[in-house]
Amino acid sequence: MEQAELRRWENRCIQEESPRCAAACPLHVDARECCSLLAARRVDKAWAVLAKTMPLPGVLARICDAPCKAACLRGEKGGPIEMGALERFLAGAAQAAKPPRPLPRNGKSVAVIGGGMTGLCAAWEIARKGFAVTVYCTAPDVGVELPEGVLDGELAAMDRMGVTIERGATLTPELVEAQLEERDAVFVDSDAVPETLRYFGEPDEVTLGTNRLGLFAVRAGETSPVFQAAAGRRAANSIMRFSQGVSMVKSRELEGPYDTRLYTNLAKVEPVGPVAVGEGYDEVRAVEEAARCLKCECMECVKACVYLKHYKQYPKVYVRQVYNNEAIVRGTRQANKLINSCMLCGLCDTVCPEDFAMGDVCLEARRNMIAKGTMPPSAHEFALRDMAFADGDKCALARHAPGTTESEYVFFPGCQLTATDPGGAERAYADLRERLGKVGLILRCCGAPAAWSGRDALFQESLAELQSAWQGLGSPRIIAACPSCIKILRQALPEAEIVSHWSILSALGLPETALKAGGTLAVNDPCAAREDGALRADVRGLLDTLGVSIVEPEYSGELTQCCGYGGLLNEVDPELGRIAAQARADAVDEDYVTYCAMCREMIARTGKTAMHLYDLLYPGEGGAGARPTPGHSERRENRVHLREKLLRELWSEADGVAAEDFENVDVAFTEAGAAAMEERRILVSDVQKVLLQEERSGRHLVHDETGRFLASFRPAVVTYWVEFEKTDDGYLVHNAWCHRMKIKGGQP
């Protein structure tokens, strides 16, 4: 990622934009943070927020006219926050804060002519920047009556900051001219000096510069105390720029009030009216009023996405981490898991007011990592092995319908449906043949794992094989059952006509096998169907025909959440994948029905009753929601057995694939051993290869106490270890592990 691209992505995320109150305040007081602290009864800390930003805070907080109030978003839900009253409460109740520590003296001096609110605030701000400041005035006067000692306290603070106040000064043009000769710059508080001193013309609105070099002045007539203070700050910024010889106008757009892009969703905010101010707040009422603050922020994507929430930040931070991760030449790449865990589902893009697509960022980062050779091989390896197996000789198949030599349609159930519900896929194919006639069959993967992992070359290779198989059948219309397959094939194979099985069934009517048991079910829309309204409508129409009353989760339709499988999350971070599935399961009380094989598997593994629509249309044995979730090895076996069965029963063919030697190893597993293999993604075939190697080499370790054997084998890039005992029938496996380290002198 280039730095310019990083900037574009960062600019899209608005989470760090100012809330409307701070943007409307000319001093940009952080009212959100102040209210948050006050609501937690941290009075002194809340006051520190004001004192950090306001000049003469003891004065200004008591007289602030709170322009933030008109901009407050809470105004749309009960009434704006009474920030002015809260400031006055804090000014009286909190311990006085120390004045800010000025920057080291820079050897330059400035004269301020006039001791009004603007002049005093300008002196405060100029002194903070390291200038020696002298205020010439008749007497300091902020124009309002204050409690005794308040103004004197702030003047004492200014004295500690190095500001000298010359009281009783005669304010004349001669004084101004003399100071221009003596000082590095002069500022005139136009509202606190005689009109004869305004001989310098109208000051510039942005810089407050005049027609005299080094003379700055505020335009007369400002009555708002906080805008007077802001003018003093603007003058200080101009004098700093003038003294440094840098641009007087560049990048000053955010001085003073400005529009903010921050979006805050009010959909779930209940109206709450303001606490009456009366003669002022006591602590109890101030805390109650501060608690009404909405603490405005966006976080729309984070609230909707388990993955984004898991990393405890927001996309602007994440994209910077992705950029830094790519930029590392040597050292540890901390963001690999962040990049590879994104579900690529597009929900963040859908809910974001600025269309920030975290999936695009992560997918491109994966492609870059692969191109540079920095992608950890373990990240997606198991999923890619599974894809290769689904496309291999034991699973892949392309045939015209039995007894035909051409196809008008071809059924493409997808590799996950055939892995998890081979019986349902078989019955669906039978129904299509019976009602449509010349329906061929293609069994293989659509290439989603390669596409999601960022391996474009591998995806194109897989797609080319699928395309060849399809063209070999005469390029018929493809009936696809999996939403991910439909989405990928429509994008990657535009010359093909892709129709969903649900659309076909909507036209044909329900199959004879359909269960019309009725009842109420929650619909889980797969994330691949987010942008396919017709697909979602077909599914709902079928459920209605089945007599099912539908419940929609909060996140449904275009806003549906990923189950945790998309983007290969479950391969990269199984625990986070489980959390995503659990969140989906917990979203409704009702049982789920979905139309994605992996959505059904992920949700069902949480213990929630979930069924695929095939379970209602092409039911097998047992109840619709009772179908077990197969493990990794069983999923492979399901594909293999389905292909063998269809070849034998429909086309009277043998599968034509010779069994490999390791497949003849008889092995059984303890419950703990099987669970460990499932968790560690170790297949039965991996274990069989280890045991065959042990059988041939005779090399193993023996445990002194249990007498069990331990053998290892490295068939490719992973070393597998198997703890086992020999039985009369073969082997009983107690445990299995794997790692990528190559053991010197170990098994090949």
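Preceding this paragraph is the structure being described.
Everything in this summary refers to the structure shown in the same document.

Cut-offs applied
- Residues numbered from 1 in each chain as written.
- Predicted model: local features only at pLDDT ≥ 70, side-chain atom pairs only at ≥ 80, totals over all residues.
- Heavy atoms only, no water.
- Pairing = 2+ DSSP bridges.
- Helix = DSSP H or I, 4+ residues; strand = E, 2+ residues; numbered from the N terminus.
- Axes fitted to C-alpha atoms, helices over the stretch in contact; angles between N-to-C directions.
- Contact = heavy atoms within 4.5 Å.
- Phe/Tyr/Trp six-rings, centres within 6.5 Å; stacked < 30°, edge-to-face > 60°.
- Buried < 20%, exposed > 50% of the residue type's maximum accessible area, 1.4 Å probe, protein only.
- Core = buried A, V, L, I, M, F, W, Y, C linked by side-chain atoms within 4.5 Å.
- Expected span 1.5 Å × (residues − 1).

### Here's the deal with the sheet that holds strand β9 (residues 477-480)
A sheet is described by the order of its strands in space; here five strands give the open sequence β6-β8-β7-β9-β10, paired in mixed fashion. Each edge of the open sheet carries a strand with a single partner, namely β6 (397-399) and β10 (498-500). Neighbour-to-neighbour, the strand axes of this sheet turn through a mean angle of 25°, independent of strand direction. Two strands pair when backbone bridges link them, and β6 and strand β8 (residues 439-443) are joined in this way by three bridges, in the antiparallel orientation. Paired with Arg399 across the two strands is Leu441, which belongs to β8. Where helix α24 (residues 483-492) meets the sheet, its contacts fall on β7 (409-412), β9 and β10, and the angle it forms with β10 comes to roughly 165°. Packed on one face of the sheet, helix α31 (residues 632-650) meets β6 and β8 and runs near 150° to β8.

### So, the packing of aromatic side chains
Within the structure shown, the criterion is met by 12 aromatic pairs. Seen from their ring centres, Phe216 and Phe242 are 5.7 Å apart, and the 75° between their planes marks the pair as edge-to-face. Here Phe216, found in strand β5 (residues 215-217), pairs with Phe242, found in helix α11 (residues 225-244); they are 26 residues apart in sequence, far enough to count as distant. Seen from their ring centres, Phe411 and Tyr429 are 6.2 Å apart, and the 10° between their planes marks the pair as stacked. Residue Phe411 is located in strand β7, and its partner Tyr429 is located in helix α21 (residues 422-436); the two are separated by 18 residues in the primary sequence. Per residue, the accessibility class of Phe411 equals that of Tyr429, and both read buried.

### Regarding the environment of Val351
Topologically, Val351 is positioned in helix α17 (residues 347-351). Residues Val351 and Val302, 49 residues apart in the sequence, show an inter-C-alpha distance of 9.7 Å. Ignoring anything within four residues of it in the chain, the contact list for Val351 reads Glu300, Cys301 and Leu559.

### Quick look at the nonpolar core
Formed by 124 residues in total, the largest nonpolar core has its most connected members in Tyr307, Phe411, Trp502 and Leu613. The biggest single contributor to this core is helix α18 (residues 358-372), with six residues. Not counting residues within four places of it along the chain, the set of residues in contact with Trp502 comprises Ala481, Leu535, Asp538, Val539, Leu542, Tyr595, His612, Leu613, Tyr614 and Leu617.

### A closer look at the sheet that holds strand β1 (residues 109-113)
What the five strands build is an open sheet, ordered β3-β2-β1-β4-β5; its pairing is parallel. One side of each edge strand has no neighbouring strand; the edge strands of this open sheet are β3 (163-166) and β5. In this sheet, neighbouring strand axes are inclined to one another by 20° on average, regardless of whether the strands run parallel or antiparallel. Strand contacts of helix α10 (residues 173-182): β1, β2 (132-136), β4 (185-188) and β5, with the helix running at about 170° to β1, the strand carrying the most contacts.

### Some points on α21
The periodicity of an α-helix, 3.6 residues per turn, causes residues three or four positions apart to be oriented the same way. Given a rise of 1.5 Å per residue, 15 residues ought to cover 21 Å, and the 21 Å separating the end C-alpha atoms of α21 matches this to within 8%. Of all the positions in α21, only Pro422, Gly424, Ala425, Ala428, Tyr429, Asp431, Leu432 and Leu436 are classed as buried. One or two residues past the end of α21 sits Gly437, with phi positive at roughly 85°.

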